[in-house]
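Each chain is listed here by its residues.
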Amino acid sequence: MYDIVGKRNLWYAISAVLTIPGLLFIFLGGLKPSIDFTGGTEWEVRYADAPSAAEMTDALTELGYEEAVVTELGDGVLRIRTEPIDLIPPGGLDPGPSSAGPSASASPGATGPPTASPSATAEPSPSAEPTPAPIAEGTEFAELEDELQARFGEGDPQSVRTVGPIIGADLIRSSAILIVIGEIFLLAYLWMRFGFRFGSAAIVALLHDVILVVGTFAILGYFFNVEFDALFVTALLTIIAFSVHDTIVVFDRIRENSVRHAGESFGAIVNHSLLQTMSRSIITSITVAVTLGALVLLGPPTIRTFGLALLLGVVSGTYSSIFNASQLLVTWNEWSAKRKARPART
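Predicted model only: the values in this text are computed from it and were never measured.

Looking at the largest pocket, its volume works out to about 580 Å³. Leu73, Arg79, Glu227, Pro301 and Thr305 are the residues nearest the centre of the largest pocket, which is lined by 23 residues in total. Elements supplying a minimum of two residues to the lining of the largest pocket: strand 2 (40-47), strand 3 (69-74), helix 7 (196-224), strand 6 (227-228) and helix 10 (304-345). It is strand 3 that provides the largest number of residues to the lining of the largest pocket, a total of four residues. Taken together, the residues of the lining of the largest pocket sort by class into nine nonpolar, five polar and nine charged.

Here it is in structure tokens:
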């Protein structure tokens, strides 16, 4: 029978190698928040001359946007992010003359039935998709687009959005509150169901998973300018739930075997339990990982970071449930037994 518990120092070392570099890059400022958190203007566009990210960055720097961040999304599409840029003039967007027809009201001397404007009387179709408001001429964004099109040819904008700094700050606060509340409720549930020792070991393993995912994005952000967006918070909450779910399966089997094998040591009971549940945990994780891997490789760029965070969290959650949470229980139990034995020997 393979002794997993006996090699727990090796598993601790592997966890340290996986998490410590990420922690260092977190403190070095490697995490790159997206426009959702920092505020600013972001647009995705494809130009006729297909400039590279470096060429676009140089052009924006010449135009006075030194802080601009340009990312290549593939198929010639560039994602450009700058400080907030005006999309609508201060007086509001001038709709201009309506192309839908004359006004709904007819003059008193007019002959014939009045012609109603479709925009004034027609009900919108439920299946019609909302269209974004046009960028008004004369705005800062329109002038910037004209300059870029003069350099790189006709542009085909995919999307444009501006997020204010207040909205970004609110999102950061809400995300932190969500994660903290989730941790507190999970800790309370584990303490009530399994006791203080089991619950604390599960939370430590959970923190291992969160640090690994966040640290990986800090490394990617430091070297490749990979940003995390609002979906990243959703991924973290999902990782927390998945990691705890896998740990509970192992803990339930340990509690059952503690009754069936009452005469054995706690380390042997944990080892039995891990061997009995390992295949189930690994097969479940592989099934989810294959789906998430396809999402990362073949999915749209907008949810690629979300899929990558989930993939890392699922793999890390399976590892921590087997090789961290259970091993911490054994280490804690042995340390407690030695501590109780010292007064007896004295």
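Let's pick the thread back up.
Turning our attention to a negative patch on the surface. Among the surface-exposed residues, Asp86, Glu140, Glu143, Asp146 and Glu147 lie close enough to one another that they form a single negatively charged patch. Note that aspartate 146 resides in helix 5 (residues 140-152).

This part is about unusual backbone geometry. At alanine 50, a position not held by glycine, the phi torsion is positive, near 50°. Within the secondary structure, alanine 50 is located in the loop between strand 2 and helix 3 (53-62). With phi around 55°, asparagine 225 is a residue other than glycine that occupies positive phi space. Here asparagine 225 shows up in the loop between helix 7 and strand 6.

Across all of its chains, the model carries 15 aromatic pairs by this definition. Plain terms: the ring middles of tyrosine 222 and phenylalanine 223 are 5.2 Å apart, the flat faces sit at 75° to each other, and that makes the pair edge-to-face. The class of tyrosine 222 is partly exposed, set by a relative accessible area of 43%. Geometrically, the ring pair formed by phenylalanine 228 and phenylalanine 232 is tilted, given 5.4 Å between the ring centres and 50° between the ring planes. Accessibility expressed as a relative area gives 5% for phenylalanine 232, which makes it buried. Put simply, the rings of Phe37, Phe217, Phe228 and Phe232 touch in pairs and so form one group of aromatic residues. One residue, lysine 7, lies across the ring of tyrosine 2, its end atom 4.7 Å from the ring centre.

Calculation rules
- Residues numbered from 1 in each chain as written.
- Predicted model: local features only at pLDDT ≥ 70, side-chain atom pairs only at ≥ 80, totals over all residues.
- Heavy atoms only, no water.
- 1 Å grid on protein atoms, 1.4 Å probe; cavity = no way out; pocket = protein on both sides within 12 Å on 5 of 7 lines; lining within 4 Å.
- Points joined across faces, edges and corners; volume = space filled by probe spheres on them.
- Helix = DSSP H or I, 4+ residues; strand = E, 2+ residues; numbered from the N terminus.
- Nonpolar A, V, L, I, M, F, W, Y, C, P; charged D, E, K, R; others polar.
- Patch = residues over 30% accessible without salt bridge, like charges linked within 9 Å, V, L, I, M, F, W, Y side chains within 5 Å.
- Areas by Shrake-Rupley, 256 points an atom, 1.4 Å probe, with all protein chains shown as cover.
- Salt bridge = Lys/Arg side-chain N within 4 Å of Asp/Glu carboxyl O.
- Lys, Arg positive; Asp, Glu negative; His and termini not counted.
- Charge placed at Lys NZ, Arg CZ, Asp CG, Glu CD.
- Phe/Tyr/Trp six-rings, centres within 6.5 Å; stacked < 30°, edge-to-face > 60°.
- Buried < 20%, exposed > 50% of the residue type's maximum accessible area, 1.4 Å probe, protein only.
- Lys NZ or Arg CZ within 6 Å of the ring centre and 35° of its normal.

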